[in-house]
Amino acid sequence: MTHADEAHHVLSMLCPLADPETGTLMGFDGRLWPTDEPTARTALGLLPPRTLQTLAGDFPEATPAARRQICEAVGMLASTVADGLGAHSSEVPEGDMPLGAACGIMSANVANTLAYRKVLDGICGDRDEELRDNALPVALKVFETGEVPRPPQDADEDTEAYALAALPQIDYLAASPEVRERAGAFLMTFVLAYERNLQYLGWACMHEPADPISSFAREHLGDPERWATAVREHGTLDPTALRPALRGSRRA
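Going along each chain's sequence as written, the residues are numbered from 1 onward. This being a predicted model, a pLDDT of at least 70 is required before a residue's local features are given, and a value of 80 or more before pairs of side-chain atoms are given or counted; all residues contribute to the totals for chains, interfaces and linings. Values shown for side chains rest on all heavy atoms present in the structure; no hydrogens or waters enter the calculation.

1. Thoughts on the side chain of S214
Applied cut-off: Helix and strand assignments follow DSSP, with helices taken as H or I runs no shorter than four residues and strands as E runs no shorter than two, numbered in order from the N terminus. Only protein chains enter the accessibility calculation, which uses a 1.4 Å probe; a residue whose area is less than 20% of its type maximum is buried, one above 50% is exposed, and one in between is partly exposed.
Within the secondary structure, S214 sits in helix α10 (residues 212-218). Given the relative accessible area of 7%, S214 is considered buried.

Now the structure itself:
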């Protein structure tokens, strides 16, 4: 199967209904797609082969919350492509970035929803879609840069630069296992610290040695739900307090 064929196959999963006369798409959840069919296919064709293949394999078995988030990410990429194709000038509008750079960030966003869908299923479940949507890019951006993302000082709220400032630039699906796992553990601790208003002092970004809290969370990357349950029950991220509880829940 060629890359174009794979993109067409994925689009048929994301948007099983389409109006053949207008090209209007409707997502699997009944919502109108933000672009027409040719633009959506173009956007999917921009995804790296690994991302597109993972999307094709993971989407059918993903939870409803994960599928919605994946569709949102692909829709954002498609909208970016549509905006770029609709521009009649080769000049980049003030406050925007070149189309290639913007699509690269949006493609990474799609990949990251796939890379961490199971982690988010475990720690967020279906309880809070807004938390799930907001936590992923912010946590990964903090891990990437060491700082909470802030929009450029000269960017208005309705500019592309403002929207893209909060998105990480790294494709963690294509990153090394070490970086991908560390980022996943950081995501776990970041979400629970925010949700439960827990102190998370001494956290480390990707350029620093891993901190004890995220290192302990990484040990439970394969079962994030059990780790998150223990954090919620005991009201702490402290490995010293959580380790006996997790050991006991394993025996149970």
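2. A word on the packing of aromatic side chains
Put simply, the rule is: Here the aromatic set is Phe, Tyr and Trp, taking the six-membered ring for Trp, and pairing holds for ring centres within 6.5 Å; pairs whose planes are under 30 degrees apart are stacked, those over 60 apart are edge-to-face, and all others are tilted.
Scanning the model with the defined rule gives seven aromatic pairs in all. Pairing F143 with Y172 gives two aromatic rings, centres 6.3 Å apart and planes at 55 degrees, and the pair type is tilted. Of the two residues, F143 sits in helix α7 (residues 129-145) while Y172 sits in the loop between α8 (160-164) and α9 (177-196), which places them 29 residues apart along the sequence. What makes Y172 buried here is its relative accessible area of 0%. With a centroid separation of 5.6 Å and 45 degrees between ring planes, the pair formed by F143 and F186 is classed as tilted. Of the two residues, F143 is situated in helix α7 and F186 in helix α9; the sequence distance between them amounts to 43 residues.

3. A look at the packing of helix α1 (residues 3-14) against helix α2 (residues 37-46)
Helix packing geometry: the angle between the two helix axes and the distance between the axes. Formally: Here, axes are lines fitted to C-alpha atoms. For helices the fit covers the stretch in contact, and angles between N-to-C directions go from 0 to 180 degrees. When describing relative orientation, an angle under 35 degrees is termed roughly parallel and one over 145 degrees roughly antiparallel, while 65 to 115 degrees is termed roughly perpendicular and anything else oblique. Crossing handedness is read from the near helix: turned anticlockwise from the far helix by less than a right angle, it gives a left-handed crossing, and turned clockwise, a right-handed one. By definition in these notes, contact holds between two residues if any of their heavy atoms fall within 4.5 Å. Each residue gets one of three labels, nonpolar for Ala, Val, Leu, Ile, Met, Phe, Trp, Tyr, Cys and Pro, charged for Asp, Glu, Lys and Arg, and polar for the others, Gly among them.
Interaxial distance between α1 and α2 falls to 9 Å at its minimum, and their mutual angle equals 120 degrees. Judged by the angle between their axes, α1 and α2 are oblique. By crossing handedness, the relation of α1 to α2 is classed as right-handed. In this structure, α1 uses H3, A7, H8, V10, L11 and L14 to contact α2, whose residues at the interface are E37, A40, R41, L44 and G45. Partitioning the contact of α1 with α2 into residue classes produces six nonpolar, three polar and two charged.

4. Description of the packing of α9 against helix α11 (residues 224-234)
Running from amino to carboxyl end, α9 crosses α11 at an angle of 30 degrees, the nearest separation of the two axes being 11 Å. Accordingly, the angle class assigned to the pair α9 and α11 is roughly parallel. α9 and α11 meet at a crossing whose hand is right-handed. Side by side, α9 and α11 meet where M188, T189, L192, E195 and R196 of the first sit next to P224, W227, A228, V231 and R232 of the second. Tallied by class, the residues present in the contact of α9 with α11 amount to six nonpolar, one polar and three charged.

5. As for the sheet that holds strand β1 (residues 17-18)
The test is simple: If DSSP finds at least two bridges between two strands, the strands pair.
Reading across the sheet, the three strands line up as β1-β2-β3 and stay open at both edges, with antiparallel pairing between neighbours. This sheet does not close on itself; its edge strands, each paired only once, are β1 and β3 (32-36). Together, β1, β2 (24-26) and β3 form the strand contacts of α2, whose direction differs from that of β3 by roughly 85 degrees.

6. Some remarks on the environment of F190
Within the secondary structure layout, F190 lies in helix α9. Spatially, the C-alpha atoms of F190 and A135 are 7.8 Å apart, while their sequence positions differ by 55 residues.

7. Brief notes about unusual backbone geometry
Leave glycine aside and you will find that most residues have negative phi; peptide bonds, for their part, are mostly trans. In this model, N197 sits at a positive phi of 55 degrees, which is unusual for a non-glycine residue. Looking at the element boundaries, N197 is found in the loop between α9 and α10. Looking at N197, the relative accessible area reads 72%, which means it is exposed.

8. Some remarks on the nonpolar core
What counts is decided by this rule: Residues enter a nonpolar core if they are buried and are Ala, Val, Leu, Ile, Met, Phe, Trp, Tyr or Cys, with the set joined through side-chain atoms within 4.5 Å.
If you look at the biggest cluster of nonpolar residues, it comprises 33 residues, and the most contacted ones within it are Y116, I123, L187, V191, L192, W227 and L237. Of all the secondary structure elements, the ones that give two or more residues to this core are α6 (117-124), α7, α9, α10, α11 and α12 (239-251). Among the elements that take part in this core, α9 stands out by supplying eight residues, more than any other. The contacts of V191, once residues within four sequence positions are left out, are I123, C124, L131 and A135. Ranked by size, the runner-up nonpolar core spans 31 residues in total, among them V10, M13, I70 and A78.

9. What about the pairing of β3?
Here β2 pairs with β3 via two bridges, running antiparallel. From the neighbouring strand, T24 faces β3, where its bridge partner is D36. Between β2 and β3, which pair antiparallel one after the other, the connecting turn spans five residues, and G30 there sits at a positive phi close to 90 degrees.

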